[in-house]
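An overview of the molecular structure
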Amino acid sequence: MINYEIRDNTLIIPEGVTVIPEDTFSGNETITRIIMPESLKIIGKGAFYGCKNLTEIQFSQNLVSIGNGAFGCCSKLKSVRIPDSVNHIGIGAFIWCDKLETVTLPDSLTVIRKKVFSNCLNLEHITIPESVVKIEEKAFEYANLKEIAIPEVCCIEKKAFSYNNTKLERIIISEKLNEVCASAFKGNIRLKEIICRDMRFPVSKNFRTDEIIAVIVSIGKFLENQECSAYLADNFRIVLSVCNAKILKELLLSGKVFTKNNIDESIQYANQIKNYEVQLLLMNYKAKHIGFQEIGEKLKL
């Protein structure tokens, strides 16, 4: 049993307490502020779930673990700064904190668990630490992020960022990104561009976001050491949808992405999407390096 006091709606947990057991303060509507002792290491499952008037948390700098649903449905909580000592944040730890706007995650975190910030409807800003290697299913579903920067070596599970559809316009990725599941960014209707290696790629509505990301990651790798040429050749339509003339020229110079096997279809597709600058580059490349064949009738020029 924890000996504690609530003074002026502030919960003061005494020094010496190391664990807050599960559901200890669940549903308490008196608490507006929490002060934790430096001795505290573990916050149990649902410990502060449904503390609807909670607005401020002063975490212990020695905290290690935040349990599942620990701060779920704390509907007045606006900002959270989690100390670097924390290496585990449980499933749904901040689910339905619908006033939450900013979160600072610890540099020690390696996994962002399932639904941890799901339905945080006002969450606009979050920095994902470079230490993170996995973002689990629905971690940020129905948040309201404006921009997402994904760490280098990372796996993004299904629906991890789905339906951030009122604000999300930009995703920043690395060519070292490991895996993005098919529905990871489902429903983000305002997404405009993906940035990789300081190159900006527009998002085509003709393809799923994960497909586009996979191609952009491959382009980044290819420009470094010409890996992934077969993958880019097979996905030439996406390549043509996202590449500007400068990047396309670099791909053409390699002679490995656009070949006699796909050059005619590439020219036709560039015409179809009305990217005439790219179409002209492809036609000139074919005439110089592959040999020009009459395709005017096919394109109805």
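Residues numbered from 1 in each chain as written. Predicted model: local features only at pLDDT ≥ 70, side-chain atom pairs only at ≥ 80, totals over all residues. Heavy atoms only, no water.

**Remarks on the pairing of strand 18 (residues 193-196)**
Burial of the side chains of strand 18 extends over both faces: Glu193 and Ile195 are buried on one face and Ile194 and Cys196 on the other. The pairing of strand 16 (residues 170-173) with strand 18 spans 4 bridges and is classified as parallel. In the sheet register, Ile171 faces strand 18, and the bridge partner there is Ile194. The pairing of strand 18 with strand 19 (residues 199-202) spans 4 bridges and is antiparallel. Residue Ile195 lies in a different strand from strand 19, and its bridge partner there is Arg200. In textbook terms, the turn of a hairpin is the stretch between consecutive antiparallel strands, and for strand 18 and strand 19 this stretch comprises 2 residues, one of which, Arg197, has a positive phi near 55 degrees. (Buried < 20%, exposed > 50% of the residue type's maximum accessible area, 1.4 Å probe, protein only. Helix = DSSP H or I, 4+ residues; strand = E, 2+ residues; numbered from the N terminus. Pairing = 2+ DSSP bridges.)

**Points about the environment of Ser174**
Tracing the chain through its elements places Ser174 in the loop between strand 16 and strand 17 (179-180). For the pair Ser174 and Asn119, spaced 55 residues apart in the sequence, the C-alpha separation amounts to 27 Å. Those residues in contact with Ser174 that sit more than four places away from it in its chain are Glu152, Cys196 and Val217. One polar contact links the side chain of Ser174 to the main-chain amide nitrogen of Lys176, over a distance of 3.0 Å. (Contact = heavy atoms within 4.5 Å. Polar contact = N/O pair within 3.5 Å; in protein donor to acceptor, adjacent residues only side chain to side chain.)

**Let's talk about helix 6 (residues 276-290)**
In an α-helix, one turn spans 3.6 residues; hence positions three or four apart end up facing the same way. Here helix 6 is 15 residues long and its end C-alpha atoms lie 20 Å apart, about the 21 Å a rise of 1.5 Å per residue gives. Those residues of helix 6 that fall on the buried side of the exposure criterion are Val278, Gln279, Leu281, Leu282, Met283, Tyr285 and Lys286. Looking one or two places after helix 6, you find Gly291, whose phi comes out positive at around 110 degrees. (Expected span 1.5 Å × (residues − 1).)

**Here's the deal with the packing of helix 4 (residues 245-254) against helix 6**
What describes two packed helices is the angle between their axes and the distance between those same axes. Here helix 4 crosses helix 6 at 20 degrees, and the two axes come no closer than 10 Å. Relative to helix 6, helix 4 is oriented roughly parallel. Once helix 4 is placed against helix 6, the crossing between them reads as right-handed. Contacts from Ala245, Leu248, Lys249 and Leu252 in helix 4 reach Glu277, Val278, Leu281, Leu282 and Tyr285 in helix 6. A breakdown of the residues in the contact of helix 4 with helix 6 according to their chemical character gives 7 nonpolar, no polar and 2 charged. (Axes fitted to C-alpha atoms, helices over the stretch in contact; angles between N-to-C directions. Parallel < 35°, antiparallel > 145°, perpendicular 65-115°, else oblique. Left-handed = near helix turned anticlockwise from the far one by under 90°. Nonpolar A, V, L, I, M, F, W, Y, C, P; charged D, E, K, R; others polar.)

**What about the environment of Pro83?**
Looking at the secondary structure, you find Pro83 in the loop between strand 8 (79-81) and strand 9 (88-89). Taking relative accessible area as the criterion, Pro83 reaches 7% and is therefore assigned buried. Separated by 202 residues in the primary sequence, Pro83 and Tyr285 place their C-alpha atoms 55 Å from one another. If sequence neighbours within four positions are ignored, Pro83 has contacts with Phe59, Ser60, Gln61 and Pro106.

**Some thoughts on helix 5 (residues 263-272)**
In terms of burial, helix 5 is a largely internal element, 7 of the 10 residues being buried. All buried positions along helix 5 are accounted for by Ile263, Asp264, Ser266, Ile267, Tyr269, Ala270 and Asn271. Just beyond helix 5, the residue with positive phi is Lys274, at close to 65 degrees.

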